[in-house]
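# Structural features, examined
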Amino acid sequence: MAIKKNTTLLITIFLISLLSLSSFIFLNKPTSISTSIPQNTLKVSTFTLNVYLFNLPRSLNYDLLKKYYTLPPDSRIPSDPDHQSGSTRKPINPDFPSYPENPVIKQYSAEYWLLGDLMTNEKLRIGNFVNRVFDLNKADVIFVPFFAALSCEMQLSVDRSVFRKKVEGNEDYLRQKEVVELVMNSESWKRSGDPMAMWHVKREISPAILLVVDFGGWHRLDSRPSSGNSSERIEHTQVSLLKDVIVPYTHLLPALHLSEDQPRHNLLYFKGAKHRQRGGVIREKLWDLLVNEPSVIMEEGFPNATGREQSIIGMRTSEFCLHPAGDTPTSCRLFDAIQSLCIPVVVSDRIELPFEGIIDYSDFSVFVSVNDALRPNWLVSHLQSISMEQKEEFRKNMARVQPMFVYDNGYPGGIGPVPPDGAVNHIWEKVYQKLPAIKEAVIRDRRKPPGVSIPARCHCT
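Per chain, residues are indexed from 1 in the order of the written sequence. Two thresholds apply to this predicted model, a pLDDT of at least 70 for residue-level local features and 80 or more for giving and counting side-chain atom pairs, whereas whole-chain, interface and lining totals are computed over all residues. Note that the side-chain values use all heavy atoms of the structure and ignore hydrogens as well as water.

### Considerations on the overall build of the protein chain
- Numbering goes from the N terminus for both helices and strands, where a helix is a DSSP run of H or I of at least four residues and a strand is a run of E of at least two. Within the protein chain one finds 13 helices and twelve strands.
- Contacts were defined at the residue level, with two residues in contact if any of their heavy atoms lie within 4.5 Å. Long-range pairs, those at least 24 residues apart, make up 72% of the contacts in the protein chain between residues at least 6 apart in sequence.
- All accessibility values rest on the Shrake-Rupley procedure with a 1.4 Å probe; residue burial counts only the protein chains present in the view. When the accessible area of the protein chain is evaluated, it comes to approximately 20,000 Å², of which 52% is carbon and sulfur surface.

### Let's talk about the pairing of strand S9 (residues 296-299)
- The alternating pattern of S9 places Val296 and Met298 on a buried face, while none of Ile297 and Glu299, on the opposite face, is buried.
- Pairing of strand S8 (residues 266-271) with S9 involves four bridges; the strand directions are parallel. For Leu268, the partnering residue across the bridge sits in S9 and is Val296. Think of it in three bands: residues with accessible area under 20% of the maximum for their type are buried, residues over 50% are exposed, and the middle band is partly exposed, with areas taken using a 1.4 Å probe on protein chains only. Only when DSSP finds a minimum of two bridges between them are two strands counted as paired.

### Considerations on the pattern of salt bridges
- Any Lys or Arg side-chain nitrogen located within 4 Å of an Asp or Glu carboxyl oxygen qualifies as a salt bridge. Scanning all chains against the criterion turns up 17 salt bridges.
- The partner of Asp63 in a salt bridge is Arg58, and the shortest N-O contact between them spans 3.5 Å.
- Looking at Asp63, the relative accessible area reads 28%, which means it is partly exposed.
- We note a salt bridge from Lys66 to Asp63, for which the minimum N-O separation is 3.5 Å. Placement of both Lys66 and Asp63 in helix H1 (residues 62-68) is noted, with a separation of three residues, approximately one turn of the helix.
- Each of Asp261, Arg264, Glu319, Lys391 and Arg395 takes part in one network of salt bridges that share partners.

### What to know about the packing of helix H4 (residues 148-158) against helix H5 (residues 171-184)
- Running from N to C, H4 and H5 cross one another at 155°; their axes reach a closest spacing of 8 Å. In this view, H4 runs roughly antiparallel relative to H5, as classed from their interaxial angle. Where H4 approaches H5, its residues Ala148, Ser151, Cys152, Met154 and Gln155 are matched on the opposing element by Glu171, Asp172 and Arg175.
- Residues are sorted three ways: Asp, Glu, Lys and Arg are charged, Ala, Val, Leu, Ile, Met, Phe, Trp, Tyr, Cys and Pro are nonpolar, and all the rest, Gly among them, are polar. The residue makeup of the contact of H4 with H5, split by class, is three nonpolar, two polar and three charged. In this description, a line fitted to the C-alpha atoms serves as the axis of each element, helices being fitted only across the stretch in contact, and the angle between N-to-C directions of two axes falls anywhere from 0 to 180 degrees. Orientation categories follow fixed angle ranges, with anything under 35 degrees roughly parallel, anything over 145 roughly antiparallel, 65 to 115 roughly perpendicular, and all other angles oblique.

### Thoughts on the state of the cysteines
- The disulfide criterion used throughout: a pair of cysteine sulfur atoms within 2.5 Å. For the structure shown, the criterion picks out one disulfide.
- Here Cys321 pairs with Cys342 through a disulfide, and the sulfurs are 2.2 Å apart. On the sign convention where negative is left-handed, the bridge of Cys321 and Cys342, at about 105° about the S-S bond, is right-handed. Highlighted residues: Cys321 in strand S10 (residues 318-324) and Cys342 in the loop between helix H9 (332-339) and strand S11 (343-347), separated in sequence by 21 residues. Assigned by exposure class, Cys321 and Cys342 land together as buried.

### Notes on helix H3 (residues 110-119)
- Most of H3 is tucked away, with nine of its ten residues classed as buried.
- Every buried residue of H3 is accounted for by Ala110, Glu111, Tyr112, Trp113, Leu114, Leu115, Gly116, Asp117 and Leu118.

### A few points about the sheet that holds S11
- Strand order in the open sheet formed by five strands is S9-S8-S10-S11-S12, with parallel pairing between adjacent strands. Two strands in the sheet have a free side with no partner beyond their single neighbour: S9 and strand S12 (366-367).
- Packed on one face of the sheet, helix H12 (residues 388-401) meets S10, S11 and S12 and runs near 95° to S11.

### Side note on the packing of aromatic side chains
- Aromatic rings from Phe, Tyr and Trp, with only the six-membered ring used for Trp, were paired whenever their centres fell within 6.5 Å, and each pair was classed as stacked if the ring planes differed by under 30 degrees, edge-to-face if by over 60, and tilted otherwise. Summed over the entire model, instances satisfying the criterion amount to 15 aromatic pairs.
- Ring geometry for Tyr108 and Tyr249: centres 5.5 Å apart, planes at 50°, overall tilted. On the criterion of sequence distance, the pair formed by Tyr108 in the loop between helix H2 (103-106) and H3 and Tyr249 in the loop between strand S7 (245-246) and S8 is long-range, its members being 141 residues apart.
- Look at Tyr249 and you get buried, because its relative accessible area is 1%.
- Counting as a charge over the ring demands two things of the Lys NZ or Arg CZ atom: a distance within 6 Å of the ring centre and an angle within 35 degrees of the ring normal. Residue placement shows Arg58 over the ring face of Phe96; its charged tip is 5.3 Å from the ring centre.

### Examining empty space enclosed by the protein
- Site definitions follow a grid-based scheme: protein atoms alone, a 1 Å grid, a 1.4 Å probe that fits but cannot get out for cavities, and for pockets an open set with protein on both sides within 12 Å along at least five of seven lines, plus lining residues having an atom within 4 Å of a point. Grid points are joined across faces, edges and corners, and a volume is the space filled by probe spheres set on the points. One pass over the full model with this rule turns up two cavities of 30 Å³ or more.
- Each pocket or cavity is described by its volume, and for the largest cavity that value is around 60 Å³.
- Lining the largest cavity, in full, are Leu286, Leu289, Leu290, Glu293, Ala373, Arg375, Pro376, Asn377, Trp378, Leu379 and Val380.
- When its residues are assigned to classes, the lining of the largest cavity shows eight nonpolar, one polar and two charged.
- Here the second largest cavity is characterised by a volume of approximately 50 Å³.
- Every residue lining the second largest cavity is listed: Tyr68, Leu71, Pro72, Asp74, Arg76, Asp80, His83, Ile105, Glu153, Met154 and Ser157.
- No other element matches H4, which puts three residues into the lining of the second largest cavity.

### As for the environment of Pro329
- Turning to its location among the elements, Pro329 is positioned in the loop between S10 and H9.
- Placed 19 residues apart in sequence, Pro329 and Ser348 show a C-alpha to C-alpha distance of 5.8 Å.

### A word on the nonpolar core
- By size, the foremost hydrophobic cluster in this structure holds 86 residues, and its most contacted members are Leu49, Leu268, Leu322, Val345 and Trp428.
- Ranked by the residues each element gives to this core, the list is headed by helix H13 (residues 423-446), at eight residues.
- In terms of nonpolar packing, the next biggest core, distinct from the first, is built from nine residues, Phe54, Leu60, Phe146 and Ala148 among them. Among buried residues, those of type Ala, Val, Leu, Ile, Met, Phe, Trp, Tyr and Cys that are joined through side-chain atoms within 4.5 Å constitute a nonpolar core.

### Observations concerning the environment of Cys342
- Judged by its relative accessible area of 0%, Cys342 is buried.
- Sequence separation between Cys342 and Glu319 is 23 residues; the distance between their C-alpha atoms is 5.7 Å.

### Let's talk about the pairing of S8
- Among the six residues that make up S8, six are buried, leaving the element largely enclosed by the rest of the structure.
- Bridge count between S8 and S10: three bridges; the pairing is parallel. Note that in S10 the partner of Leu268 across the bridge is Phe320.

Structure, rendered in C-alpha cells:
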C-alpha cells in the first residue's frame with residue numbers, strides 16, 4: 001500500500017461470520033494523533049477520538065431498516081419476532097427504527113449503535129470516548145455509516161442463491177457498489193487514492209483497519225473463481241491484531257446480575273448446531289464425547305422463541321458453558337454466557353477476543369486446548385476439579401465486565417447517551433489505540449523514494 005501525504009486510511013467494520021462489511025472509517029490528518037496511550041483511556045477525559053460522520057443516503061442505513069420491516073418473515077428461523085402477526089416490532093420512531101430482534105441479524109448490530117452514538121446531541125453525550133466534529137479538518141477519522149450486516153442478511157433471507165454473485169438481482173451487492181462509488185467520489189477520499197473494499201471488492205481491504213468479530217475463515221480460496229485467483233475469504237496476511245480491532249457480538253440473552261444468581265445444578269451446558277464446517281468439526285467430536293456425561297446438557301438449536309427460553313434456563317442453571325469453535329472461532333454464545341454468569345469454557349485454539357489489554361478473560365473463563373478437550377473424560381474431570389471458591393471468583397469477575405459487552409443504550413432508534421463503560425465506548429477506545437501505529441506507517445511511507453513499495457504484510461506472529 002502506498003500511503004501518500006495527507007492520506008486517509010480506511011477503517012472498516014467487517015463482520016467475518018457474515019462476510020459483510022458493516023461500516024467504515026477513514027483516518028484523517030494522521031500527523032495530529034498523539035502517540036501516548038493511557039492505560040485506562042475511558043477514565044481520562046482528555047483523550048478522545050474526533051469523528052466526522054460521512055453523509056450517506058438514508059437508504060443505506062435507517063431507511064434500509066424501514067425496508068427490512070416490509071419484508072416477509074425470515075424463512076431461516078422457525079419464528080421471526082419482527083414479522084409476526086400483530087407484532088409490536090414496528091418502528092416507534094419511523095425516522096430512526098429499532099434494530100431487528102431476529103437473532104440471526106441482532107447478533108451483528110455494532111454499526112447501528114456506533115451511528116446512534118454519533119447522532120446523539122452533544123449535550124447528552126457525557127462520558128463518551130468519541131467526539132463528533134462537523135468540520136472535516138478537525139477529524140481524526142471519518143465514519144461511513146453503512147448497515148452492511150443488515151444488508152447482507154436481508155439478501156440471504158430473500159434470495160440466498162445470488163448472494164455471492166455480482167448481479168443485478170443481488171441487492172446487497174448493488175448497495176455495496178453504491179457505497180463504494182459515493183465514498184471514492186468524495187473530496188475526502190480523493191486525498192488518498194487508497195482502495196476501499198467490501199465483500200464484492202474484498203481484495204483491497206487489507207490497507208484498512210478492520211473492526212471484526214474474529215479472524216476466523218479468512219483463508220479459504222474459491223474453487224471456482226470467476227476471473228483469476230479470487231479468494232472467497234480474506235487471507236490471513238490481510239488481518240492482524242497490530243492494526244485491526246475485535247468487536248463483541250451482540251448478546252441475545254438478558255443479563256443476570258450477581259445478586260440474582262441461584263445455585264447451579266448442572267456442570268456444563270451447550271446449545272447450538274452439532275454439525276459445523278472447517279474448524280467447527282471439533283464441535284461434533286466434543287458432542288459425541290460429552291452427550292452422555294452426567295450433569296452435562298448438550299442441546300441442538302438456536303436461541304429464538306422457545307429455544308431462547310431454554311438457553312436462559314440452561315445457562316443460568318449450569319456452572320460452565322461450552323464455547324467450541326464453529327464455522328468461525330467465536331460466536332454470540334460466549335457473550336450470552338457472560339451475561340448469564342455461566343463460566344465460559346473456550347475450546348477454540350485460534351480465538352481472538354474483544355477488548356483484550358483492557359480485560360483479562362482468564363479471570364473469568366477456562367481455556368482448554370482442542371487436544372486436551374478431545375481426550376476421553378478429560379474435560380469433565382478438569383471442570384470438576386475447579387473449586388467452589390474459584391468458581392465464585394470467576395463469577396464475581398464476570399459480573400464486573402458484563403457492562404463492557406452491552407451495546408443497547410435503551411433509547412428509541414439507538415440515539416441517546418451510551419453507557420460510559422459499554423461496548424460502543426470501548427470500540428472507539430480500541431480504534432484510538434490503533435492510530436499511533438498508523439501515524440508511524442504514514443510517516444515511514446513518506447520517506448520512501450518514488451517507485452519504491454513494500455508488500456502489504458500484516459502478520460503479527
